[in-house]
Every structure is written in C-alpha cells, then in structure tokens.
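Residue-level listing of the chains:
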Amino acid sequence: MSEPLLEISGLHTSFDTYDGKVGAVDGVELTVEAGKTLCVVGESGCGKSVTARSILRLVEKPGSIDSGTVTWHGGEEPFDVLSLDDKDPRLQKLRGDDIGMIFQEPAASLLPLRSIGAQLIEALRIHTGMDKKAARARAVELLGLVGIPDAERRVDAYPFQLSGGMCQRAMIAIALCAEPALLIADEPTTALDVTTQARILDLIRDLQARNHMAVMFITHDLGVVAEMADEVAVMYLGRVVERASVEEVFADPKHPYTKALLRSVPVLGRDRGRDLPTIPGTVPNPLHRPKGCSFHPRCTEAIAGRCDLDEPPEVVFDGGRTAQCVLYDDQSEGDRA
Amino acid sequence: MTATPETEPLLDIQDLHVRFPVRRNLLGRTTVENHAVSGVDLALRSGETLGLVGESGCGKTTLGRTIVGAQEATSGSIRYDGNDLTRLKNREKGRYRRQIRMVFQDPFSSLNPRMTLRQVIGDPLVAMGEAKGSELEDRVAEMMRRVGLSPDYMDRYPHAFSGGQRQRVNIARALIVDPKLVIADEPVSALDVSVRAQILNLLRELQDEYGLTYLFISHDLSVVENIADRVAVMYFGKIVELADTAELYEKPAHPYTEALMSAVPVPDPSLRDRGGRILLADELPDPSNPPAGCAFAGRCRYAEPGRCDTGTVDLEGGVRCVRSEELDLRGIELTES
C-alpha cells in the first residue's frame, strides 16, 4: 500500500427532520491513497454524497457531523479536519487548494449570472494569488486543457450558453485550477450522455496521470467504476459494506449486496432479452434502519437469528480487503486483527 | 415475440416533422425555428418493444410526446388503426388517448402529490367515465396487485413511496384503461440500480400478459439491449439506424451507432485498456439551421468531404449513411452471463 492521503474514520453525519434524527452516514471508514482513485458506489440514500461533503465540512443545517475523524495527510503535519476551528487557515486551504470538488449538476453549481471565465478567474486569484491578467490567460489555458474548443471566446460565455458537458468541463477546470492533491467527483457524469461521459472520464484520467492527483469518485454506475477505480468502497445505508481492489470486487465480490448489484445491472452483450436477477424490496428508510445487518431484509443469504439480530462483523481478508458480513466470520478468524 | 414484417403495423409514422418557434418578428411570424423532429419514418409492430436511443436533444422525447398527442406535429402523419392521429379533432382524440399511454421518467414529479394512489391510478377511468364506486375500486385494486403494489396502500399519498414503487404507480395508471401501445420515456433512468431490474422485468411480464406494444425511449444502451426487440437510433431529429437488437448491437451499420456503443463503460476492469473507444467532439449542429448532407458528418471519423456534406441522405435498408456499405464497423462483444 502506498501512503494514505485522506483517512476517514468512524464518521457519523445525521440530519434532524420532523420525523426524527436520520443517520445518513453511520460509521464510515475509508482511505484515499495518494495518486490513486477510490470509487464509492452505492444507491441514492446510501450516504455517499454526504460522506464527500463531510470531508470538506460542507454539511448544512439541519445536518450535522456528530463524530469521527477525517485526517488529511497532504500537509506538513497530518491533522483532523473535523476538529479545526471554522476560521482555521488550514480549512480554507483545504477547500479548493488541496481538495477540489465537482458535483453532479454542473448547471446548478455554476453561478448563472457570471461568465464561466469570471468564475474561473476568481478561483484562480483566490487560490494562486495571480493578478487579473495572468489569471485570465491561465483560465483560457485551463479551459483548453479540459477540452473546451475555442476557449479564447468561450471564456466569456455564461453557463446557459453552454451544453451540460461543457459546463461540467468548466466545473472541472475550476476544481482543478489550484492543482489539488485530491479531486472529489460526486456523480460528475450521471447527467451527461455516454459520449460526453467518455470524454470527461478520459479527461479526469489524463489530468490524474499528469499531476499525480488522487480521485475520490462517487457513482452508482458499475461500468464507470470498472473504468476508473483502483480501490472500490461499496456503501449501503450509511456504511461501507465492502472495500476491495477493483479487480477483486468484479471478479470475486464478497458481500451479498455487491454480488446482487453486479448481477442485477444489465450489461451490454450479456443480458439481451432475458429477465434480470433482482434484489427484492427497496432501500429502507434510514429512519427505520433494520436491526442487525441493514441489508438482511433484502439478502438471499441472510441467516435467521443472526443477521436480523447482531451487527455484522467487519471481516478482513488476506490482502486487506474487507466485508461487513457474517458469512465470512469464521473462515477469516485467523486473519482478523 | 417479434412480429413478422408482413403484418400491418400498429402505428405508422411517416415523414413526421416537429418544429419549435425560437424567434418571431414584429408581425408575430416565426423567423427562427428549431427542428426537433425532422422527417421521422417509423413503424411499430404489434406486440414488439421498439427501443429508441440517442443523446439528449436528439428529439426522442419530442417524438414520444407527439405520438401521445402531448405535442402537435408540424407536418407528416402518424397512422394508427386507419386514422391519422395528427389530423384528429379533439373529440375524436379521446378514443385514442386510452389506447396509447405514456410512462414518464421521473416518478417524483409525475405524480400529483395531493392525490391518493386510488385517485392517481383511477383517474383515467373516472375521466373517461368508465367506472365509479365499487367497480372503480375493484379495478384499481386489481391493477395495483398486477404491478406489485398492495391494495392496502390505496389511500396513501405518493410521498410515502420510493422511486420504484412510484414508477409502479405510473405504470398502473397507464395500464388501467387497457391500452395497446405504451410510450415509456426513460422509465428506469431515475431509479436506483437495484430496483431497475424489477421494473424492467415487470414491463416484460405485463407486455406478455396484456399483449402490449412498447416504444421504449432511453439513452441507456444496456437497458435497451435488455428489453427491446428492435432498436431505432435517433440523431438530430432523424432515425439514422433501425435494426433488430442483435444485429444493431453486434453489427452496427451507422458510424454514430458504433460510436455510441463504444462509449458505454463496460463493468469489467480487465477490459479497461482494450482501447477502441471512439471519442466524439461534442459540437452538435445548430438545430435552427440544419447542415446539408448528413447531420453527423461534422463528428464522424469516416466522413468524406464532398460525399457526406452535400445533398440529402436517406434511410436505406435501415441505415442513413452513404458510406455504410464500405465501412466495417465494430459492435459489442458478447459475454457469458
């Protein structure tokens, strides 16, 4: 294993609602290694976006980060982001300088009344201290780098004048302008066409190779995971239920949820015209988290009297991959720390 | 279950055009128009599922909306049951409204939040004066059971249900008046991956049971491959390729189909560096000023100046490309399930 860049441990983030406190993130453990890509996979409501936002402390009321640590190793000394004072300069530096973030809806994350150039120039001036003229020249260069044709002219375009893919590239340019050590990409291609998606994925990979940047890529698309990931974390209802290398996850998934997910998604050239294996039921409301293993009501391998009562153990396999499931409890007893 | 070509098509679209006014002059006359659908010929066979794929903005949704009568056609004809739907008087339209139904993409915005499931699902029957009182209730209950919802939920409101359940409500509402043709516009795109398979299987089951014909609109090529008997590829308001699913996916005849297929990420990390992905420039032609010749020529890597950018290119033998005979295009590879 190479050196960790970001370590999340025991993270709990919840939201106060009229119906009670919803534990969106319920004890997440994750590590992003320097220069590598971690894909976080899961369905809506599994807490993947909230986890990403918690890293930069962008959780707004009624949400709150209740406990856990987010250790940043990218500075001179490692420090816990969650225990920093709001005004701590290290927090400011983290947001945008050390960590860049892109979101799913580019049109919603760009200001509609300012040109993309103005927004990019502002980010450049804040993070790199360039003067206006240098920042503008750099902005044109960056827009060209992310594949916006005719950047010289497009720098003065407003978001509504650009297509979704173009806006997403502008977002990427803004996120990357300070050459961050980590890029957090939250479903950056979900709203885009496959052809545009292919170009954005290529772009992120290129930039990563050039800058030795780490990427935390949040998605529900297993195809994208296979294309992008070094490591994969599968989340379900606020927890990481399986973590392994991308080859391990696809060749030999351990957690029943991962297995079911891989089977139920139609794959080109594999599932023509046939009934797909399904996962019964739907993702439960986190307000009514099932007792024991959260997945047991939908799990075909659940053991009555165990999975519906006890919290699943975190099983560590040879090579370091993990799964939260009783099925592997005994066989790896010797390996467990 | 593909019908033989000799049978009379259920729905026959000929040279359909839909244009949207963009700008008018002082006298209110349209001076600039966007061509959303420009000359579509498409026939749906009874009992088949025809997939309609293409990037956002290609006109596939407009085509679907025009068939159900939610959008007026500028010219051309849609023949159904001996009548041209585009020329019907409002009074006559009612008859067809029950035979051609639509299922929308977003299960969250397409259901009235102030109506109970009983009202939402039963509304088409009430509106057509078909049933009331206990008969209405019986039919709603029966339909709910058919789509996998418990009739006990009849008096609850949509907000209490998950995306998958709401899509079942949408399907029930579409099918309760016993239609022949269902236009499904991205019916699973907004759903969690673990419930997509359930809805796809349900649509297949209902098709067999009620002898339905589907026009299945989607940008997701894996989903379309799973459910469709034939597939039409739409680009810039025109059908550029139409073929049986197996043929289209394994031996695409239009360069655009090939490029679309190559852009789909495959959930197998061992194929990551296989190459062969065709990257398309994302510059689409201006819809208010369509180019001469093939609309795809500007992005096509096989385009030949002087041949592809002049005159008109017709849909011949299911493909709209002057060079298709001489090209050896690559399709998808089949994988073991």
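Since this is a predicted model, take the numbers as computed values, not measurements.

## Regarding the overall build of chain B
- A tally of helices and strands in chain B yields 9 helices and 10 strands.
- Here the C-alpha atoms of chain B give a radius of gyration of 21 Å, agreeing with the 20 Å that 2.2 N^0.38 yields for 337 residues.
- Projected onto the principal axes, the alpha-carbon positions of chain B cover approximately 70 × 60 × 40 Å.
- Split into buried and exposed, the 337 residues of chain B put 52% on the buried side.

## Re the domain arrangement of chain A
- According to the domain assignment, chain A consists of domain 1 (106-179) and domain 2 (265-336).
- A straight line from the C-alpha centre of domain 1 of chain A to that of domain 2 of chain A covers 43 Å.

## Here's the deal with the confidence of the model for chain A
- Looking at chain A as a whole, the pLDDT averages 90, with 98% of positions reaching at least 70.
- Every residue in residues 332-337 of chain A scores below 50 in pLDDT, and together they form 9 contacts with partners more than four places removed in sequence or on other chains.

## Regarding the nonpolar core
- By size, the foremost hydrophobic cluster in this structure holds 74 residues, and its most contacted members are I121, V147, I171, L206, F216, Y249 and Y256 of chain B.
- Take this core: its biggest share by element is 7 residues, from helix α6 (residues 193-210) of chain B.
- Setting aside its immediate chain neighbours within four residues, F216 of chain B contacts T49, L50, G51, L52, A184, P187, L200, L203, V223, V224 and I227 of chain B.
- With 65 residues, the next largest nonpolar core counts A175, F217, V224 and L237 of chain A among its residues.

## Re the interface of chain B and chain A
- Taken together, the contact pairs 46 residues of chain B with 49 residues of chain A.
- Both sides of the chain B and chain A interface together cover about 4,100 Å² of buried area, and 54% of this is carbon and sulfur.
- The partner of R272 of chain A in a salt bridge is E225 of chain B, and the shortest N-O contact between them spans 2.8 Å.
- Counting across the interface, chain B meets chain A through 22 residue pairs in polar contact (both at pLDDT 80 or more).
- If you list the elements that add at least two residues to the side of chain B that touches chain A, you get α6, α7 (221-227), α8 (245-250) and α9 (255-263) of chain B.
- For the side of chain B that touches chain A, the residue count by class is 21 nonpolar, 10 polar and 15 charged.

## Details of the sheet that holds strand β3 (residues 37-41) of chain A
Residue and element names in this part refer to chain A.
- Overall, mixed pairing links the 8 strands, which are arranged β6-β7-β8-β3-β9-β10-β12-β11 in an open sheet. Each of the sheet's edge strands pairs with one partner strand only, and the pair in question is β6 (99-102) and β11 (314-316). On average, adjacent strands in this sheet sit at an angle of 20 degrees to one another, irrespective of strand direction.
- Bridge count between strand β10 (residues 239-245) and strand β12 (residues 322-324): 2 bridges; the pairing is antiparallel. For E242, the partnering residue across the bridge sits in β12 and is A323.
- Each of β3, β6, β7 (182-186) and β8 (214-219) touches helix α8 (residues 194-211); the most contacted strand, β8, lies at about 160 degrees to it.

Conventions we followed
Residues numbered from 1 in each chain as written. Chains lettered and ligands numbered in written order. Predicted model: local features only at pLDDT ≥ 70, side-chain atom pairs only at ≥ 80, totals over all residues. Heavy atoms only, no water. Helix = DSSP H or I, 4+ residues; strand = E, 2+ residues; numbered from the N terminus. Rg over C-alpha atoms; globule rule 2.2 N^0.38 Å. Buried < 20%, exposed > 50% of the residue type's maximum accessible area, 1.4 Å probe, protein only. Domains from an automatic or database assignment. pLDDT = per-residue confidence, 0-100. Contact = heavy atoms within 4.5 Å. Core = buried A, V, L, I, M, F, W, Y, C linked by side-chain atoms within 4.5 Å. Buried area = accessible area lost by both parts, 1.4 Å probe. Salt bridge = Lys/Arg side-chain N within 4 Å of Asp/Glu carboxyl O. Polar contact = N/O pair within 3.5 Å; in protein donor to acceptor, adjacent residues only side chain to side chain. Nonpolar A, V, L, I, M, F, W, Y, C, P; charged D, E, K, R; others polar. Pairing = 2+ DSSP bridges. Axes fitted to C-alpha atoms, helices over the stretch in contact; angles between N-to-C directions.

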